[in-house]
Amino acid sequence: MSPERRSKRAVAVMIAGSMLVSAGVVSVVVQSVTHGSGEHIHIDSRSAALSATTPPTTAPGPGTVEAASEPGPVVVAIGDSIMDGHNVKSSHAWPQLIGAATNWQLTDLAADGSGFVAVGDDGGTFQDQAVEAVDLNPSIVIIAASSNDLDEDPDEVAIQTMKTMSYLRDELPEARIFALNAFWGDTTPPDELGELDADILAASQAVDADYLDIGQPLAGQPELMQFDDIHPVSKGLTVIAAAVAAAIREAG
């Protein structure tokens, strides 16, 4: 990528302050986020998430700032029920938690049941969400693979994942795109989930997006799950928010 193109795509994002919800406090800082080059970022998301949910015991230091008072970048989230905060307050959805600390101008388009192929409760797929996202002209797009696609034809999932990611890049050439692995609950995920992750990784590399592998932050923690053992409670969403914010920071 040329320096000129990199400069045009550069997005300065600051994630800071404390997000106070029923689960506790998330304190994260993401500074100087510039456009990546399809880099595959992997972090120990569980330890990052747990440390990030520890309430601060001292006043913010020089490297930490209060939540921004000026409007932040236009951000759109594309995903499923894990991303839209199923069965909890909408303000507790993990994109909303991060956005609240940054003054992101956030639109969460995620819908229950949706995937790259799976049709959601709203009658659409991630491609439909992507079309809505383009109309908002965001500078940042966050999109995650979904376990809803586990019941779909694997070849079709791979095709549609590439199609949606390519569409986003073609229509939003200056945007920073963060693509995430599929989330699972507290139990061991099926092997097929890794195939969904491989699909979005390949698509990310093809379209110059940032693939953020945050692992499974909820693993081994049943207390973070709702009764259906699929969707996180508010505290679980806080853990995911911290893990994603840490991964964005790591992407640099």
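Residues numbered from 1 in each chain as written. Predicted model: local features only at pLDDT ≥ 70, side-chain atom pairs only at ≥ 80, totals over all residues. Heavy atoms only, no water.

Caption draft 1: Up close: the pairing of strand 4 (residues 74–78). Judged by how many residues are buried, strand 4 sits mostly within the fold: four of five residues are covered. As paired elements, strand 4 and strand 5 (residues 105–108) share four bridges and run parallel to each other. Paired with Val-75 across the bridge in strand 5 is Leu-106. Pairing analysis gives four bridges linking strand 4 to strand 6 (residues 140–144), with the strands arranged parallel. Among the inter-strand pairings, Val-75 is bridged to a residue of strand 6, identified as Ile-140. (Buried < 20%, exposed > 50% of the residue type's maximum accessible area, 1.4 Å probe, protein only. Helix = DSSP H or I, 4+ residues; strand = E, 2+ residues; numbered from the N terminus. Pairing = 2+ DSSP bridges.)

Caption draft 2: The pattern of salt bridges, seen in detail. Scanning the model with the defined rule gives one salt bridge in all. Close ionic contact of Arg-176 with Asp-210 constitutes a salt bridge, the shortest N to O distance being 2.7 Å. Taken as a pair, Arg-176 in strand 7 (residues 176–180) and Asp-210 in strand 8 (residues 210–213) lie far apart in primary sequence, 34 residues in all. Classification of Asp-210 by relative accessible area gives buried; the value is 1%. (Salt bridge = Lys/Arg side-chain N within 4 Å of Asp/Glu carboxyl O.)

Caption draft 3: Structural detail: the packing of aromatic side chains. For the coordinates displayed, the defined rule picks out two aromatic pairs. When the ring of Trp-94 is compared with that of Phe-183, the centres are 5.9 Å apart and the planes differ by 70 degrees; the resulting orientation is edge-to-face. Here Phe-183 lies in the loop between strand 7 and helix 7 (191–207) and Trp-94 lies in helix 4 (residues 94–102), a separation of 89 residues in the sequence. Each ring, one from Phe-116 and one from Phe-126, has its centre 4.9 Å from the other, and the planes form 75 degrees; the classification is edge-to-face. Of this pair, Phe-116 sits in the loop between strand 5 and helix 5 (126–135) while Phe-126 sits in helix 5, placing them ten residues apart in sequence. (Phe/Tyr/Trp six-rings, centres within 6.5 Å; stacked < 30°, edge-to-face > 60°.)

Caption draft 4: Region of interest: the environment of Pro-232. One can find Pro-232 in the loop between strand 8 and helix 8 (234–251). Overall, the relative accessible area of 3% leaves Pro-232 in the buried class. Separated by 150 residues in the primary sequence, Pro-232 and Ile-82 have C-alpha atoms spaced 7.3 Å apart. Ignoring anything within four residues of it in the chain, the contact list for Pro-232 reads Ile-82, Val-88, Leu-218, Leu-224, Met-225, Gln-226, Leu-237 and Ile-240. (Contact = heavy atoms within 4.5 Å.)

Caption draft 5: Quick peek at the packing of helix 6 (residues 154–171) against helix 7. Where helix 6 meets helix 7, the closest approach of the two axes is 9 Å, and the angle between their N-to-C directions is 30 degrees. The angle between helix 6 and helix 7 falls in the class roughly parallel. The handedness of the crossing between helix 6 and helix 7 is right-handed. Residues Pro-154, Val-157, Ala-158, Thr-161, Met-162, Met-165, Ser-166 and Arg-169 of helix 6 pack against Glu-195, Leu-196, Asp-199, Ile-200, Ala-202, Ala-203, Ser-204, Ala-206 and Val-207 of helix 7. Residue composition of the contact of helix 6 with helix 7, grouped by class: eleven nonpolar, three polar and three charged. (Axes fitted to C-alpha atoms, helices over the stretch in contact; angles between N-to-C directions. Parallel < 35°, antiparallel > 145°, perpendicular 65-115°, else oblique. Left-handed = near helix turned anticlockwise from the far one by under 90°. Nonpolar A, V, L, I, M, F, W, Y, C, P; charged D, E, K, R; others polar.)

Caption draft 6: Quick look at the packing of helix 5 against helix 6. Contact geometry of helix 5 with helix 6 gives a least axis separation of 9 Å together with a crossing angle of 5 degrees. Relative to helix 6, the element helix 5 lies roughly parallel. Counting all contacts with helix 5, which are made through Phe-126, Gln-127, Ala-130, Val-131 and Val-134, the residues of helix 6 involved are Lys-163, Thr-164, Tyr-167, Leu-168 and Glu-171. Tallied by class, the residues present in the contact of helix 5 with helix 6 amount to six nonpolar, two polar and two charged.

Caption draft 7: The nonpolar core, seen in detail. Core analysis: the biggest nonpolar cluster contains 31 residues, and Trp-94, Ile-142, Leu-180, Phe-183 and Val-244 have the highest contact counts within it. The element that contributes the greatest number of residues to this core is helix 8, accounting for ten residues. Beyond its immediate chain neighbours, meaning those up to four positions away, Leu-180 contacts Trp-94, Ile-142, Ile-143, Ala-144, Ala-145, Ile-200, Tyr-211, Leu-212 and Val-244. One finds Ile-78, Val-134, Leu-168 and Ala-179 within the second-largest nonpolar core, a separate group that totals 28 residues. (Core = buried A, V, L, I, M, F, W, Y, C linked by side-chain atoms within 4.5 Å.)

Caption draft 8: Structural view of the pairing of strand 7. Burial analysis of strand 7 places five of its five residues in the buried class, the great majority of the element. Of the two faces of strand 7, the one lined by Arg-176, Phe-178 and Leu-180 and the one lined by Ile-177 and Ala-179 are each fully buried. Note that the unit made of strand 6, helix 6 and strand 7 has a crossover that is right-handed. (Right-handed = clockwise from strand over helix to strand, strands pointing away.)

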